[in-house]
Amino acid sequence: GGCLTCHQTHKSGDPSKQEFAFHLDKSAPSLCLTCHDGSDKDLIATHDGQPFQNAVCTDCHNPHGSDAAKLIRPYAHPPFAGKMCDACHQEPKDGKVVLGEEGKQALCFMCHVDKEKQISTAKFKHTLLDLVDTCTECHSPHATDQPRWLKKPVRLLCGDCHEDEASSPVAHKPVETAESCAICHDPHASDYPFHLRANIDDLCLTCHGYQPALNKENDKFIAFGTIALPGSLFETLRRIPIRSASDRGHPFMRHPISGKNTLAPAKGDLTCVSCHNPHGIQHGQKLLAIQGTNLCLSCHGNQKPAAADKTSGAKQ
């Protein structure tokens, strides 16, 4: 029947509501149930008797087209794809969905034992895991368009909470890739602060080092053992001539790059992020946290002028 079967060309309103965000006649499931009879026995059986009538149908189904039967979105959670609904669902009660383990993280950990171990043993875990006892804040338990069953592309998903880091107009190149934030950060837990995959300098030098610790595999570079990055990301990458365990060498040979910041102790230890913003900046180049000489003066501006020797005129 054409696009206007579901859409109204000029309909607008609160963009947080599906109806207006996509210019729909009405939101799902009401729109879907205009054609699909929610009381049809075959449709109920297809959904394993679960009360789908109040679900958002487009979470699992692509309303326009799909390579999968029933218009299922491309990344289907294995229990969902295998029609093993009872792995997570119990019999509905009073017309409502009932989940095992009350739908908490423990339900997911029944299969994802590795994640449970990682989260329970790591020094730092994602704060969200303490705030919300469910994995479905980020992951779809059924089907989605995103790898790893994420509800949104990585940058948009992280940006829901970390808006400042994800919205810089001049972005660090990895942030703009499909893996985005998950290249440097482990989204679940890590032994390094900020959920990083390594300490700050080693993390940066994995890509920017003089001898980057990357293995080429099918035109992909594998970082940190698990993250596959496109080879094109490294075509114009600036390599910094610093070898492992060095404490000097950038931006010039004898400039310190690690250890205590003796010029501005309040700024903490020297690392790559002492000068660079690893996510992005509003303007300027090289992701410098402060542009121009003000960056140098943020440390060196605290130095007192050398005293003059009154007898010889030489500076001490």
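Bear in mind the structure is a predicted one, so any value in this text is a computation, not a measurement. (Residues numbered from 1 in each chain as written. Predicted model: local features only at pLDDT ≥ 70, side-chain atom pairs only at ≥ 80, totals over all residues. Heavy atoms only, no water.)

**Student:** Looking at this model, I keep getting lost on the overall build of the chain. Mind explaining?
**Tutor:** Looking only at helices and strands, one finds ten helices and eleven strands in the chain. The C-alpha atoms of the chain give 26 Å as radius of gyration, which overshoots the globular expectation for 316 residues (20 Å, by more than 25%). Taking the principal axes of its C-alpha atoms as reference, the chain extends roughly 100 × 50 × 40 Å. Going through the 316 residues of the chain one by one, you find that 28% of them count as buried. If you take every contact in the chain between residues at least 6 apart in sequence, the share linking residues at least 24 apart comes to 44%. Of the roughly 21300 Å² of accessible surface on the chain, 56% is carried by carbon and sulfur atoms. (Helix = DSSP H or I, 4+ residues; strand = E, 2+ residues; numbered from the N terminus. Rg over C-alpha atoms; globule rule 2.2 N^0.38 Å. Buried < 20%, exposed > 50% of the residue type's maximum accessible area, 1.4 Å probe, protein only. Contact = heavy atoms within 4.5 Å. Areas by Shrake-Rupley, 256 points an atom, 1.4 Å probe, with all protein chains shown as cover.)

**Student:** Can you help me understand unusual backbone geometry in this one?
**Tutor:** Trans peptide bonds make up the majority, and among non-glycine residues the majority have a negative phi. Across the junction of Ala-28 and Pro-29, the peptide omega takes the value 10 degrees, indicating a cis bond. Residue position: Pro-29 is located in the loop between helix H1 (18-21) and helix H2 (41-46). With an omega dihedral of 10 degrees, the bond running from His-250 to Pro-251 counts as a cis peptide bond. Checked against the element boundaries, Pro-251 lands in the loop between strand E10 (227-230) and strand E11 (280-281).

**Student:** I tried to follow the nonpolar core on my own but got confused; where do I start?
**Tutor:** For soluble globular proteins, nonpolar side chains are generally found buried alongside one another. In this structure, Ile-183, Cys-207, Phe-221, Ala-223, Ile-227, Leu-229, Leu-233 and Phe-234 together form the largest nonpolar core, which totals eight residues. Secondary-structure elements contributing two or more residues to this core are strand E9 (220-223) and E10. (Core = buried A, V, L, I, M, F, W, Y, C linked by side-chain atoms within 4.5 Å.)

**Student:** How should the pattern of salt bridges be read in this particular structure?
**Tutor:** Pairing is possible between side chains of opposite charge, provided their charged atoms come close. Taken as a whole, this structure holds eight salt bridges when the rule is applied. A salt bridge links Glu-179 to Arg-148; its shortest N-O distance comes to 3.4 Å. Of the two residues, Glu-179 sits in the loop between strand E6 (170-171) and strand E7 (189-190) while Arg-148 sits in the loop between strand E5 (143-144) and helix H7 (154-159), which places them 31 residues apart along the sequence. Accessibility expressed as a relative area gives 41% for Arg-148, which makes it partly exposed. Across the pair Lys-260 and Asp-269 runs a salt bridge, and its minimum N-O distance is 3.6 Å. The exposure class assigned to Lys-260 is exposed, which follows from its relative accessible area of 66%. (Salt bridge = Lys/Arg side-chain N within 4 Å of Asp/Glu carboxyl O.)

**Student:** Is there a simple way to think about the confidence of the model for the chain in this case?
**Tutor:** A low pLDDT score tells you not to read the predicted coordinates there in detail. Chain-level statistics for the chain give a pLDDT mean of 89 and a share of 92% at 70 or above. Confidence drops under pLDDT 50 across residues 311-316; counting only partners more than four residues distant or on other chains, this segment forms eight contacts. (pLDDT = per-residue confidence, 0-100.)

**Student:** What exactly am I supposed to notice about the environment of His-126 here?
**Tutor:** Within the secondary structure, His-126 sits in the loop between strand E4 (124-125) and helix H6 (128-131). Residues His-126 and Ile-257, 131 residues apart in the sequence, show an inter-C-alpha distance of 28 Å. When neighbours within four sequence positions are excluded, His-126 is seen to be in contact with His-162, Pro-187, His-188 and His-195.

**Student:** Sorry if this is basic, but what is going on with the side chain of Arg-73 here?
**Tutor:** For Arg-73, the position within the fold is in the loop between H2 and strand E1 (75-76). In terms of polar contacts, Arg-73 uses its side chain to reach the side chain of Asp-145, at 2.8 Å. Once you skip the residues sitting within four places of it in the chain, Arg-73 turns out to touch Thr-58, Asp-59, Cys-60, His-61, Asn-62, Pro-63, Ala-143, Thr-144 and Asp-145. (Polar contact = N/O pair within 3.5 Å; in protein donor to acceptor, adjacent residues only side chain to side chain.)

**Student:** Looking at this model, I keep getting lost on the pairing of E10. Mind explaining?
**Tutor:** The side chains of a regular strand alternate, first on one face of the sheet and then on the other. Alternating residues of E10 divide into Ile-227 and Leu-229, all buried, and Ala-228 and Pro-230, none buried. Taking the residues between adjacent antiparallel strands as the criterion, E9 and E10 are bridged by three residues, where Phe-224 takes a positive phi near 60 degrees. (Pairing = 2+ DSSP bridges.)

**Student:** It is not clear to me how the side chain of Ser-190 should be interpreted in this structure. Could you clarify?
**Tutor:** Along the polypeptide, Ser-190 turns up in strand E7. On the basis of relative accessible area, Ser-190 is assigned to the buried category, the value being 8%. Here the side chain of Ser-190 touches Tyr-192 through a polar contact of 2.9 Å, landing on its backbone nitrogen.

**Student:** Explain the environment of Ala-143 here, please?
**Tutor:** Within the secondary structure, Ala-143 is located in strand E5. Residue classification places Ala-143 among the buried positions, given a relative accessible area of 1%. Distance in space between the C-alpha atoms of Ala-143 and His-126 is 24 Å, their sequence separation being 17 residues. Those residues in contact with Ala-143 that sit more than four places away from it in its chain are Asp-59, Cys-60, Ile-72, Arg-73, Tyr-75, Ala-76 and Phe-80.

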